[in-house]
Amino acid sequence: MDPIGVFDSGVGGLTVVSALRRRLPGESILYLGDTARLPYGSKSPDTVTRYTRKNLEFLSGRGVKAVVVACNTASALALPNLGPGEMPDVPIWGVIEPGARKAAEVSRGRVGVIATEASVRSDAYPRALRALRPELDIWSQACPLFVPLVEEGWHDDPITAQVAERYLRPLLDAGIDTLVLGCTHYPLIKDVLQRIAGPDVVLVDSAEQVAAMVAAGLAERHLEATHSPHHTFCVTDSGETFQRLARTILKDDGVELEWVEVV
Ligand code: DGL
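Residues numbered from 1 in each chain as written. Predicted model: local features only at pLDDT ≥ 70, side-chain atom pairs only at ≥ 80, totals over all residues. Heavy atoms only, no water.

Here we come to the sheet that holds strand β5 (residues 110–115). If you walk across this open sheet you meet the 4 strands as β6-β5-β7-β8, and the pairing is parallel. Unpaired on one side and paired on the other, β6 (137–142) and β8 (202–204) mark the two borders of the sheet. Across the sheet, the mean angle separating the axes of adjacent strands is 20 degrees when strand polarity is ignored. Sheet topology note: the strand β7 (residues 178–181)/β8 ladder contains 3 bridges and is parallel. Residue pairing across strands places Thr 178 opposite Val 202, the latter belonging to β8. Seen against the sheet, helix α4 (residues 96–106) touches β7 and β8 and runs at an angle of roughly 160 degrees to β8. (Pairing = 2+ DSSP bridges. Helix = DSSP H or I, 4+ residues; strand = E, 2+ residues; numbered from the N terminus. Axes fitted to C-alpha atoms, helices over the stretch in contact; angles between N-to-C directions. Contact = heavy atoms within 4.5 Å.)

The ligand sits among 13 residues. The nearest are Ser 9, Tyr 40, Asn 72, Thr 73 and His 185. In this structure, Asp 8 approaches the ligand through a side-chain N or O atom, which is 3.0 Å from a nitrogen atom. In this structure, Ser 9 approaches the ligand through a side-chain N or O atom, which is 2.6 Å from an oxygen atom. For the ligand, whose unbound accessible area comes to 300 Å², protein coverage reaches 99%. (Near = heavy atom within 4 Å. Polar contact = N/O pair within 3.5 Å; in protein donor to acceptor, adjacent residues only side chain to side chain. Areas by Shrake-Rupley, 256 points an atom, 1.4 Å probe, with all protein chains shown as cover.)

In C-alpha cells form, the structure reads like this:
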C-alpha cells in the first residue's frame, strides 16, 4: 500500500511522524527532510513556495497516497499560493489549522505564538486563531535561533534555555496563558520551554491534532493501509546528526537514511 508522504526542512517534521506512528501504526511513511535547504524560516514566500512545489513533486513521484506538510513555514507561506493544477492529486494537509484549533480550545484569552521569522511575518497563526475566536489577545515572537539549536541536538541545554528565556520574556510579561509551538522543531525543546513558561502556561503542539486529522481524512477516503508498514527516511544533504536525532526522536534504532536529490 502507498505510504503517507511527510516533509519538513529538517528533523522537526519527525515530531509529526512520531504522532502519526502512534495514531496510525499500520501506515507506511515516506519522510523527506530537505536538509540541503534548511532553514526555510528565514526565506521569502517565493523561495519557500518553490521548495514546497519540488518536495510535493518528489513525494508524488514516489507514489504517496497523501501528504502532510509537517512544516509550519511551508504550510503558512506556500500552501495558500499553490493552485490545484500545481498540487499532486492526493489529499494534502498543513499544520497551521490543527494547532490554531487546539489553542483556541484551551486558551483563557491570551495566546503567545512562537514560530520562524517567515511564519510570524505571514501572520498565519493569528489569522487562524482570530477566525476561531475573534476576542483573543495574541502576541507573536520569531525565534530564529531555535531551529539550529534543535538540528544540533541541544534539546535540553543551558544555552537553549538562555535563548528561550530571552525569546519568551516579552510574551510572559504580557501574561499569556497559552503558547503555540508554531514550528515543528519546537516540540523537541518542549521541556525547556515549559520550565521557562511555568506550569500555568499551556503549550500547544499540533502533532497530535495533525495525526487525528490525517486518521479521519484517510478513513473518509477509504485510504487506510492494508499491508504491514514500511518507513523510509530521505534527506537532501548528508545527515549523520539527522540519523542520530531521528533514532532518538522516533525511539527506533532501525532508522536508515536515503540521500535524494530534489531539484
Ligand atoms: N520546522 C519548520 C516549521 O515548522 C521550519 C524550520 C526551518 O526554519 O527550516 O516551520
